[in-house]
Amino acid sequence: MTMRLRQIFYVFLLGMFVGLSLSGLIYWGFTSIWFGNHLTGNLGRTDVASVTPWLAPIVWEGTFDSRVIDSIYKQQNITIATTVFALGKYTRFLKDFLESAEEHYFVGFRVHFYLFTDQPEEVPNVKLGQERYLTVKTLPSMNRWQDISMSRMEILEKLIENELASEADYIFCLDVDTKFYGRWGVESLGRLVGVIHPWFFNVPRFLFTYEHRPKSQAYIPAGKGDFYYTGAAFGGSLKDVHNLTKTCREQMNIDTANSIEALWHEESHLNKYFLYNKPSKLLSPEYLWRDISMSSGSVKIIRFSHVAKNNAEVRPNL
C-alpha cells in the first residue's frame, strides 16, 4: 500500500512538472513574436534577419500579430514612461511629435511623457487622450548640442531613481525631432531594447561608426560588434535602462576626466554597452527611419522617423 501511494505521488509530481512546463511554454509562446506568427499562419519575413545570433527577436512588419500581443499586455495594466528633450529651437518639433504620438504610439495603453526643456512656455497645448499624461521639467540651456545629447544619460538615471520606481513598468527615450507615421506598440517592449540605426542596418560591420580609440571608455576593437544602434531611441524595463544610463554616465565622466569625447557621444557609449549587455529585443529601422521622404527598400512600413531639418539652423553649435 505504501509503495502504491508513493507511485501515485510520483505520478502526481510528474504531472505537476509537465503541466507547469507546458504553461510556461505556452505563455512564452504567446508573448513571443515567433508564436504570434505561427498562430496566424504568418511565417514571418524571409527577406530580413528576424532574430539575432543570441536569439533575441528583431521586430519587423510581418513578424508579430498586433491583436494577439495587445490582448496579452492589456491584462497587465502597464505604464510606459517616455522621455523627450526639447531645448532651444528644438521646441518647434514638439507639436508634431506629441500629436503623432497620440495617433500611433502605444495607443490604448497608459503613457506618461516626461518632457525636459529650457523653454516651458513654448510647450504646445496638445490634447492628450485618456490615461495619457505629460509632465514638463525645466532644464538650464546648454551651449553645445553634444552636451545636451550626453546629459540625457544622467538625467534619465536620476529620473528612474527618484520618480519612476512606482510610476512605470517600461521606459523609452526618444529624440524630439521626429514624427510617428505608423503603429509603435507593445510589440516593442522588452527587458532591454535597442533600435537598429537606419543608416547602418544593411551595411558591413567595418563601416559602423564605433569609437575605435582605446583611450575612450566607448572603445570597441576593430572586428567586434553585432549591430550599430541609434542613440535616438532605446528603452526597456526600469531596472535595465537604469543600469544602462548609469554605466554610460560613469564612462562619459571618465572620458571627460581624460579629456576625450567619444566620436558620437552618448550613442558611442550606448553601442559599447549593448556589445557587452545584449539587448533582449531589437527594433528594426521601421522604428526610427532616416526621413519619411527617403526610399525605404526592405522597410515595408515607416513607423517613426526623423524629420528633415537644417542642423546648422536648429543646433546651438555645429
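Our subject is the structure that appears above.
Below, the structure is looked at part by part. (Residues numbered from 1 in each chain as written. Predicted model: local features only at pLDDT ≥ 70, side-chain atom pairs only at ≥ 80, totals over all residues. Heavy atoms only, no water.)

Quick look at the sheet that holds strand β3 (residues 110-117)
For step 1, the next point in the chain: Spatial ordering of the open sheet is given by β1-β9-β7-β8-β5-β2-β3-β4, a layout of eight strands whose pairing is mixed. Two strands close off the open sheet at either side, each with one partner strand: β1 (58-59) and β4 (132-138).
For step 2, the next point in the chain: Pairing analysis gives five bridges linking strand β2 (residues 79-86) to strand β5 (residues 170-174), with the strands arranged parallel. The residue of β5 that forms the bridge with Val84 is Leu174.
For step 3, the next point in the chain: Against the sheet, helix α4 (residues 94-104) engages β2, β3, β4 and β5, with an angle of about 175° to β3.
For step 4, the next point in the chain: Across the face of the sheet, helix α7 (residues 266-276) comes into contact with β7 (192-196) and β8 (229-237) while running at roughly 50° to β8. (Pairing = 2+ DSSP bridges. Helix = DSSP H or I, 4+ residues; strand = E, 2+ residues; numbered from the N terminus. Contact = heavy atoms within 4.5 Å. Axes fitted to C-alpha atoms, helices over the stretch in contact; angles between N-to-C directions.)

Observations regarding the packing of aromatic side chains
Each aromatic ring pair is described using two quantities: the centre-to-centre distance and the angle formed by the ring planes.
For step 1, the next point in the chain: This model, assessed by the stated rule, comprises 26 aromatic pairs.
For step 2, the next point in the chain: When the ring of Phe180 is compared with that of Trp184, the centres are 6.1 Å apart and the planes differ by 75°; the resulting orientation is edge-to-face.
For step 3, the next point in the chain: Trp184 gets classed as buried once you look at its relative accessible area, which sits at 0%.
For step 4, the next point in the chain: Summarising the aromatic geometry, the rings of Phe200 and Phe208 are spaced 6.1 Å apart at their centres and angled 80° between planes, so their arrangement reads as edge-to-face.
For step 5, the next point in the chain: Among the residues examined, Phe208 registers a relative accessible area of 7% and is labelled buried.
For step 6, the next point in the chain: Grouped by ring-pair contacts, the aromatic residues Phe97, Tyr105, Phe106, Phe113, Phe172, Phe180, Trp184, Tyr287 and Phe304 constitute a single cluster.
For step 7, the next point in the chain: Lying over the aromatic face of Phe109, Lys74 brings its terminal NZ or CZ to 4.7 Å of the ring centre.
For step 8, the next point in the chain: Just above the ring of Trp54 sits the side chain of Lys278; from NZ or CZ to the centre is 5.0 Å. (Phe/Tyr/Trp six-rings, centres within 6.5 Å; stacked < 30°, edge-to-face > 60°. Buried < 20%, exposed > 50% of the residue type's maximum accessible area, 1.4 Å probe, protein only. Lys NZ or Arg CZ within 6 Å of the ring centre and 35° of its normal.)

What about the side chain of Gln251?
For step 1, the next point in the chain: Mapped onto the elements of the fold, Gln251 is located in helix α6 (residues 238-257).
For step 2, the next point in the chain: Residues in contact with Gln251, not counting those within four places in the same chain, are Gln217, His269 and Lys272.

Examining the pairing of β7
The two faces of the sheet receive side chains in turn, since in a regular strand these alternate between them.
For step 1, the next point in the chain: Of all five residues that make up β7, five are buried, and the element is covered over most of its length.
For step 2, the next point in the chain: Alternating residues of β7 divide into Leu192, Gly194 and Ile196 and Val193 and Val195, and every residue in both groups is buried.
For step 3, the next point in the chain: Direction of pairing for β7 relative to β8: antiparallel, over a ladder of four bridges. The partner of Gly194 across the bridge, within β8, is Phe234.
For step 4, the next point in the chain: Pairing of β7 with strand β9 (residues 281-283), which is carried by three bridges, proceeds in the parallel orientation. Of the residues in β9, the one forming a bridge with Gly194 is Leu282.

Remarks on the pairing of β8
For step 1, the next point in the chain: A large share of β8 lies buried, amounting to nine of its nine residues.
For step 2, the next point in the chain: Sheet topology places β5 next to β8; five bridges connect them, and they run antiparallel. Across the sheet, residue Ile171 finds its bridge partner in β8, namely Gly236.

Observations concerning helix α3 (residues 66-74)
For step 1, the next point in the chain: Those residues of α3 not exposed but buried are Val68, Ile69, Asp70, Ile72 and Tyr73.
For step 2, the next point in the chain: Its side-chain oxygen 3.0 Å from the backbone nitrogen of Arg67, Asp65 forms the N-cap of α3. (Polar contact = N/O pair within 3.5 Å; in protein donor to acceptor, adjacent residues only side chain to side chain.)

Purely geometric stuff here, so don't read any function into it on its own.
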